[in-house]
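The chain contents come next:
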Amino acid sequence: MKSHNRPGVHMRIDRLGELAGSCVVKANKSFKPLLDNTNEVRKVQSALAVLSRVGPLLQVPSLMRQHIENGRFSAAVKAYRRALIIDDKNKIDLLTNVKIRSADAARDARDDLECRLANPSLPLFT
């Protein structure tokens, strides 16, 4: 009688194996988009975190221009100091551009300040 039950048990185990395999395939099909979306969300969150840390540095050139236009040269210099932390050997084009544009704004501030100092009729702001 035991030998008669063995084929039935093996058939049930085989059937359970097939069902388990089918469940794995269906689960992968169902959860793959969710996992892909989760990975995409993590990438975006990581990029946002980087931008939030670097954002103030990226704004330095325009902030300097605003200060220069308003005659706030000391504030322009203070903003320029933030751009000086960018290493000259930096290989990130965006940061290199920030440093170049900040240096251009600093030269413009110097030229504007020299003109104001040379012409007593122009108001001298700080």
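Residues numbered from 1 in each chain as written. Predicted model: local features only at pLDDT ≥ 70, side-chain atom pairs only at ≥ 80, totals over all residues. Heavy atoms only, no water.

Novice: How would you explain the nonpolar core if you had to name every residue and give the values?
Specialist: Within the largest apolar cluster, 13 residues are counted, with the highest numbers of intra-cluster contacts made by Leu 57, Val 60, Met 64, Ile 68 and Ile 86. Looking at this core, the elements with two or more residues in it are α2 (60-69), α3 (73-83) and α4 (93-118). Non-local contacts of Ile 68, meaning those with residues more than four positions away in its chain, are made with Phe 73, Ala 76, Ala 105, Ala 109 and Asp 112. (Core = buried A, V, L, I, M, F, W, Y, C linked by side-chain atoms within 4.5 Å. Buried < 20%, exposed > 50% of the residue type's maximum accessible area, 1.4 Å probe, protein only. Helix = DSSP H or I, 4+ residues; strand = E, 2+ residues; numbered from the N terminus. Contact = heavy atoms within 4.5 Å.)

Novice: Could you give me a rundown of the side chain of His 67, with the residues and numbers involved?
Specialist: On the secondary structure map, His 67 appears in helix α2. Setting aside anything within four residues of it in sequence, one finds His 67 in contact with Arg 72, Ala 75 and Ala 76.

Novice: Tell me about the packing of α3 against α4, and please be specific about residues and values.
Specialist: Where α3 meets α4, the closest approach of the two axes is 10 Å, and the angle between their N-to-C directions is 155 degrees. Regarding the angle of α3 to α4, the classification is roughly antiparallel. The way α3 lies across α4 gives a crossing that is left-handed. Residue-level inspection shows Phe 73, Tyr 80 and Ala 83 of α3 in contact with α4, the latter providing Lys 99, Ser 102, Ala 103, Ala 106, Ala 109, Asp 112, Leu 113 and Arg 116. (Axes fitted to C-alpha atoms, helices over the stretch in contact; angles between N-to-C directions. Parallel < 35°, antiparallel > 145°, perpendicular 65-115°, else oblique. Left-handed = near helix turned anticlockwise from the far one by under 90°.)

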